[in-house]
Amino acid sequence: MSVRMPRARRARLSLFTAGTASLALLATACGGSGSGSSSAPEDFSYLSVTENTTVRTALTTLSKGACGTANDALPLKVETVPQASLDQKLQLLAGQNALPVQFAAGNAPALTQQLATSGQVADLEKKLRELGVLDQLEPAAISTIKALYGGKLEVLPYEYNIEGIFYNEKVFAENGLKVPGTWDELVSAAAKLEAEGVQPFSASGQQGWPLTRLISGYLYRSLGPDALQKVADGKAKLTDPAYVKAAEEVAALGEKGYFGKGVGSIDYDTAMNQFLTGKAAMLYMGSWALANISDDQQNKVGAENIGFMPFPAVSGGKGSVDQYPSNVGLGITLGARSFDEKTGDWVSCIARNYGSTALKDHGSISGFKVNTEVKDANEVTTQVRDTISTSKQNVLWFEALFGTKATTVSQTNAASLVNGSMSPQQFMRTVQDALAAQ
């Protein structure tokens, strides 16, 4: 997530969009770059999403410690909205020239780019360079952001995530299972778990993206790392047989009951809880979940019993298991009109201290450099950090190159795909039609 969520989380979750008419209204209200007047902010206002607690908690920690001086001059003020309402909230505030100093960017990169085009988003690469802290961002994180946002650094990497499957090592051992190396082995493992009365997967059908991530995972393994770029470039369609095959494979997991009952009504927190309380053996998720895994109050399984594996290979496929989906969670950016000297002091402090604070206090990996020695909270965190450092090629996720309309259509229909009320062909046709309409 995310993606949180994601971001994330990450950067990671159901969307709301007010549609094309609202975006047109936003652009009109903003009047283009340079419209409106800048004014010194009274506080370091931060609009976050309710589902993601890590970033705002870490910022609060910084406000009371390393960034205390910046906070004295410009006090941190946090507001939250449900992630499903975020896009609508941003469009409303943008139309009023009232965006906060710092805010969770749109659920899809397209909305953030719209805000940037209308002069609402600060030129972060320029600002960070002027502040002398651009080097505090990991190059891989900058590369991922630019891949998502049209070659521009439009958000800060409060999270840097790779995605894969977290699994309950104890449950696997009790059922004689090894880490699946291929999709067929994964399906076989799920069948054995189901036969033993263990729910194989936990996933949020309410948010939708944890299900569509499985589709893109299969596509990247079967067709290669450019599978969805080809769709974005018009060289392939989601309705092509090889693409529909991915939706068929994920739909089959739902048909066999591998997501448990009522997946469509399961929200993000419930899905996470199912896994961390041992009610499900596997959870496809981004590395932002390490914060939850490191929390003894949430994790009843024990961090020592959780492992991480890549999305498995598809036999005969063109992709590789070392190509990890990566993201920066739910991107967080800063308003152009409120970026003054005091805001700059906050941003400088964040760039130098956030990476260490997030890792030390929350077990969360960010795209900021870790400037102090921090011992990983547990072995699975070390495993994920090692994986990030050795990963040679990253890919995006299913909706990464979609606009807001197609993103919403995809994620709101994902549960219908796995509960059988929408066929794989219908699902992919519906999303492809939304792409064509943008």
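Look above for the structure.
Described below are features of the structure shown in this document. Within every chain, residues take consecutive numbers counted from 1 along the sequence as written. Local features in this predicted model are restricted to residues whose pLDDT is 70 or higher, and side-chain atom pairs enter the listing and the counts only when it is 80 or higher, whereas totals over whole chains, interfaces and linings include all residues. Note that water and hydrogens are dropped before the side-chain values are worked out from all heavy atoms of the structure.

1. A closer look at unusual backbone geometry
Here's step 1: A positive phi angle, near 50°, is found at Asn97, a position not held by glycine.
Here's step 2: A run of H or I in DSSP counts as a helix once it spans at least four residues, and a run of E counts as a strand once it spans at least two, with each numbered from the N terminus. In this structure, Asn97 sits in the loop between α4 (86-95) and β3 (102-104).

2. A word on the pattern of salt bridges
Here's step 1: Put simply, a salt bridge is a Lys or Arg side-chain nitrogen that is within 4 Å of an Asp or Glu carboxyl oxygen. Applying the stated criterion to the full structure yields 8 salt bridges.
Here's step 2: Ionic pairing is found between Glu125 and Lys146, a salt bridge with its closest N-O pair at 3.2 Å. One end of the pair, Glu125, is in helix α6 (residues 124-131); the other, Lys146, is in helix α7 (residues 139-148), and 21 residues separate them in sequence.
Here's step 3: Put simply, Glu125, Arg129 and Lys146 are held in one network by salt bridges that share partners.

3. Section: the sheet that holds strand β1 (residues 44-49)
Here's step 1: One open sheet accounts for 4 strands, arranged β2-β1-β3-β9; its pairing is mixed. The sheet is open, and its two borders are formed by β2 (76-81) and β9 (332-334), each paired with just one other strand. Across this sheet, the average inter-strand angle for adjacent strands is 20°, counted without regard to direction.
Here's step 2: As paired elements, β1 and β2 share 6 bridges and run parallel to each other. Of the residues in β2, the one forming a bridge with Tyr46 is Val78.
Here's step 3: Along the sheet face, α4 touches β1, β2 and β3 and points at about 150° away from the line of β1. At least two DSSP bridges between two strands are needed for those strands to be called paired. A fitted line through C-alpha atoms represents every axis, and for helices the fit uses only the stretch in contact; the resulting angles, taken between N-to-C directions, go from 0 to 180 degrees. Whether two residues are in contact is decided by their heavy atoms, any of which lying within 4.5 Å being enough.

4. Things to note about the pairing of strand β8 (residues 323-327)
Here's step 1: Each residue's exposure class comes from its accessible area (1.4 Å probe, protein chains only) as a fraction of the maximum for that residue type: buried when under 20%, exposed when over 50%, partly exposed otherwise. For β8, the tally of buried residues reaches 5 of 5 residues, placing the bulk of the element in the interior.
Here's step 2: The alternating pattern of β8 places Gln323, Pro325 and Asn327 on one face and Tyr324 and Ser326 on the opposite face, and all of these are buried.
Here's step 3: Relative to β8, strand β4 (residues 161-168) is paired through 2 bridges, and the arrangement is antiparallel. Across the sheet, Ile162 pairs through a bridge with Ser326, a residue of β8.
Here's step 4: Across 3 bridges, the pairing between β8 and strand β10 (residues 393-395) is parallel. Paired with Gln323 across the two strands is Gln393, which belongs to β10.

5. A closer look at the environment of Asn292
Here's step 1: Tracing the backbone through its elements, the reader meets Asn292 in helix α14 (residues 290-293).
Here's step 2: Residue classification places Asn292 among the buried residues on the basis of a relative accessible area of 16%.
Here's step 3: It is 28 Å that separates the C-alpha atoms of Asn292 and Ser320, two residues lying 28 residues apart in sequence.
Here's step 4: For the purposes of these results, a polar contact is taken to be a pair of N or O atoms within 3.5 Å, where, inside protein, one atom must be able to donate a hydrogen and its partner to accept one; residues adjacent in sequence count only when each atom of the pair is a side-chain atom. A polar contact of 2.9 Å, which involves the side chain of Asn292, links it to the side chain of Gln298.

6. Observations regarding the state of the cysteines
Here's step 1: We call a pair of cysteine sulfur atoms a disulfide whenever their separation is within 2.5 Å. Counted by the stated rule, this structure contains 1 disulfide.
Here's step 2: Between the sulfur atoms of Cys67 and its disulfide partner Cys349 the distance amounts to 2.0 Å. Between Cys67 and Cys349 the sulfur-sulfur dihedral comes to about -100°; the bridge is accordingly left-handed. Taken together, the residues Cys67 in the loop between α2 (54-63) and α3 (68-73) and Cys349 in helix α15 (residues 341-362) connect sequence positions 282 residues apart.

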